[in-house]
Every structure is written in structure tokens, then in C-alpha cells.
Amino acid sequence: MVLILYLLRNRKVKSIEDEDEEERFHILFTDRFSIERDTRIVPLEETLLMNDTKIKRHQLLDAMKRDSSGYINIFKIALRDEDVETSHYAASAIDKIKREFDLKLQQFSVAYEKNKTDEKLSKEYSQFLDEYINSNLLDEDEYEYKIIMGIHIQVIENILKITEDKDKYYKKIIDILFKIKDLERARKYCEEFIENYKTEDAYMVNLRYYFLIKDKENFKKCFENLLKSSIKLSNKGLEIIRFWLGAS
């Protein structure tokens, strides 16, 4: 932390008004460190580039027999394949996955409405909504996507009322509100988060909020409070700090 303070005093902080830097800052906040690519997807993706239609069809059918939800992006690529049958297999797979998600959504919705005070159920519902939203089945411009995002916000707001494990859900709801650009509601949860939890995540979402609204003064105050705290920053946090200090 002493080293970071030294760097802070001796390096120029990036401009908050730089749009390209905003995009890079957004990327730093994605959970890319925890993403594990299924190695089986690579050969399937390569197969779609081949001209052998029999192999493509066989590989797609094989993927459909497994947990096909992990192949949604590949199926979307296959939709545009010149081979009609390959395209048909892909469309059938996507339709099947979508129906499975919708059925599960309906089951969770019914159970949740009957007992919103069930903490375990509410958290499982939130986890499922995360999976659905991140599945790439829904287009962000579609009405259905916006509806499901709204449902997810309501579920997390309910969880915050009934759980002691609030810090995880503060971060989750703030991330969603940032994504849909509802900065006014995000501000409320950012303030509650930092007031109740002096954690790395709490500081980082507040820094991001000030960055997005281009509030240089409060960004600097929050930044300095983080550096003066006893928080031991994670590798991800250190990368964000280096970003603001202009380090590579």
C-alpha cells in the first residue's frame, strides 16, 4: 500500500472524461479472471469453418446431447451456415435451450411469489436469472431482456431485505444498474454499500460511479480513502489502481 501511495503522488491519474478510458475501465470490472472456456467448444467452432457438412452435422448433434447451454454462441454461428441442415440443427438447439430456460423461469417465478421471505429460494432465483441474462439467448434491445433485468433487480432488492449476507448482493445490483445505465438508483446502493461495508468491492463500485458521472472531486476523495485504508487489494483491484495511475 505504501508503494501505491508513492505511485499516486508521482504519476498522473487518467482523465475521467476520456471515453476510451471509460471502456477500458469497464472491461477491468468484468469478471474475466473467473471465466473458464470449455475446451470442447474450440474444436466445434473450428468444425464450423470446414466444408465437410457431415462432420459439422455430427458435431452439432453431439453437442446437443450434452449440456448444450454452453454452446449457445456456437449454435448462433451455425445458424448462418450455408448448409441448410446444419442451420436447422442450430435453430432447433437454440429453441430447445430457450424453452428450458423459460420453463425454469416460470417455475421459479411461481415459487418465489408464494414465499418471498425464503432466502434460499430467492438466492437460487437470482442465480438462475444471472445465468439466463448471461446466456446470450436474449438480445439486450429486446423487451424480454429488459423485463428479466427488471425482475432480477426486484429479486435482489428483496434479498437485501432478508439476508445478512448483503455485500455480495449490493455489488450485484449495482453492476446491473450500471449495465442498464440507471445511475440514480445505482447511487443509492453505492452509498449504502460503502456505508455498511468498507471493502474493496464497495470502494471500487463507488469509484466507478464517480467515474461514470465524471465527478472528479469525489472520485479523488474515494480513491484516496481506499489507499489510506487497511484493505489488502486483490490482483484485480491492483490492476484497476495501475490503470488509474497510468501504469501498464
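Residues numbered from 1 in each chain as written. Predicted model: local features only at pLDDT ≥ 70, side-chain atom pairs only at ≥ 80, totals over all residues. Heavy atoms only, no water.

Chemist: Help me understand the overall build of the protein chain, please; the structure alone is not making it clear to me.
Modeler: Of the regular secondary structure elements, the protein chain holds 13 helices and 0 strands. Each helix and strand of the protein chain, ordered N terminal to C terminal, gives the series α-α-α-α-α-α-α-α-α-α-α-α-α. Counting across all 248 residues of the protein chain, residues that qualify as buried make up 38%. Taking all contacts inside the protein chain whose residues are at least 6 apart in sequence as the whole, residues at least 24 apart take part in 61%. Carbon and sulfur atoms make up 49% of the accessible area of the protein chain, which amounts to about 14,900 Å² in all. (Helix = DSSP H or I, 4+ residues; strand = E, 2+ residues; numbered from the N terminus. Buried < 20%, exposed > 50% of the residue type's maximum accessible area, 1.4 Å probe, protein only. Contact = heavy atoms within 4.5 Å. Areas by Shrake-Rupley, 256 points an atom, 1.4 Å probe, with all protein chains shown as cover.)

Chemist: Looking at this structure, I do not really get the pattern of salt bridges. What am I missing?
Modeler: Once the charged atoms of two side chains with opposite charge are near each other, the side chains can pair. Summed over the entire model, instances satisfying the criterion amount to 17 salt bridges. Note that E144 and K98 form a salt bridge whose closest N and O atoms lie 3.0 Å from each other. Taken together, the residues span a long stretch of sequence, with E144 in helix α8 (residues 143–162) and K98 in helix α6 (residues 84–114) at a distance of 46 residues. Between D182 and R185 there is a salt bridge, with its nearest N and O atoms 3.7 Å apart. The class of R185 is partly exposed, set by a relative accessible area of 34%. Taken together, the shared-partner salt bridges connect K98, D102 and E144 into one network. (Salt bridge = Lys/Arg side-chain N within 4 Å of Asp/Glu carboxyl O.)

Chemist: Help me understand helix α10 (residues 183–196), please; the structure alone is not making it clear to me.
Modeler: Note that an α-helix has 3.6 residues per turn; residues three or four places apart therefore point the same way. Here α10 contains 14 residues, and its C-alpha end-to-end distance of 20 Å stays within 8% of the 20 Å for a straight helix at 1.5 Å per residue. Next to the buried residues of α10 lie α8, α9 (166–179) and α11 (200–212). (Expected span 1.5 Å × (residues − 1).)

Chemist: Please clarify how α8 should be interpreted in this entry.
Modeler: The first and last C-alpha atoms of α8 sit 29 Å apart over 20 residues, in line with the 28 Å expected at 1.5 Å per residue. Along α8, the residues that are buried comprise Y145, I148, M149, H152, I153, V155, I156, N158, I159 and L160.

Chemist: Sorry if this is basic, but what is going on with the side chain of N206 here?
Modeler: Locating N206 in the fold gives a position in helix α11. Apart from the residues within four sequence positions on either side, N206 is in contact with C190, E191, I194 and C222.

Chemist: Teacher, can you tell me more about the environment of Y197 here?
Modeler: On the secondary structure map, Y197 appears in the loop between α10 and α11. Each C-alpha atom of the pair Y197 and D167 lies 6.9 Å from the other, and the pair is 30 residues apart in sequence. Not counting the four nearest positions on each side in its chain, Y197 is found in contact with E164, K166, D167, Y170 and A202.

Chemist: Please clarify how the confidence of the model for the protein chain should be interpreted in this entry.
Modeler: Regions with low pLDDT carry predicted coordinates that are not meant to be interpreted in detail. Scored by pLDDT, the protein chain comes out at a mean of 80, with 71% of its residues at no less than 70. By mean pLDDT, helix α1 (residues 2–10) is the weakest element of the protein chain at 47, and helix α7 (residues 119–133) is the strongest at 97. Confidence over residues 1–17 falls short of pLDDT 50; this stretch has 38 contacts with residues more than four positions distant or in other chains. A low-confidence stretch, residues 31–42 (pLDDT under 50), is modelled with 13 contacts involving residues beyond four sequence positions or located in other chains. (pLDDT = per-residue confidence, 0-100.)

Chemist: I would appreciate a short explanation of unusual backbone geometry in the present structure.
Modeler: Negative phi is the rule for most residues except glycine; trans is the rule for most peptide bonds. Unusually for a residue other than glycine, N136 sits at a positive phi of about 70°. On the secondary structure map, N136 appears in the loop between α7 and α8. Phi is positive for K214, which is not a glycine, with a value near 60°. Turning to its location among the elements, K214 is positioned in the loop between α11 and α12 (216–228).

Chemist: Whenever I open this one, the packing of α6 against α8 confuses me. Can you help?
Modeler: Each pair of packed helices can be described by the angle between their axes along with the distance between the axes. At a minimum axis distance of 13 Å, the contact between α6 and α8 shows a crossing angle of 35°. In the packing of α6 onto α8, the handedness of the crossing is left-handed. Contacts between α6 and α8 involve K98, D102, L105 and Y112 from the first element and E144, I148, Q154, V155 and N158 from the second. A breakdown of the residues in the contact of α6 with α8 according to their chemical character gives 4 nonpolar, 2 polar and 3 charged. (Axes fitted to C-alpha atoms, helices over the stretch in contact; angles between N-to-C directions. Left-handed = near helix turned anticlockwise from the far one by under 90°. Nonpolar A, V, L, I, M, F, W, Y, C, P; charged D, E, K, R; others polar.)

Chemist: What is the right way to read the packing of α8 against α9 from this model?
Modeler: For the pair α8 and α9, interaxial distance at closest approach is 10 Å and the crossing angle is 155°. As summarised for this structure, α8 and α9 are arranged roughly antiparallel, according to the angle between their axes. Helix-helix and strand crossings are classified by hand; for α8 and α9 the assignment is left-handed. Facing Y145, M149, H152, I153, I156, E157, I159, L160 and K161 of α8, the residues of α9 in contact are K166, Y169, Y170, K172, I173, I176, L177 and K179. Tallied by class, the residues present in the contact of α8 with α9 amount to 11 nonpolar, 1 polar and 5 charged. (Parallel < 35°, antiparallel > 145°, perpendicular 65-115°, else oblique.)

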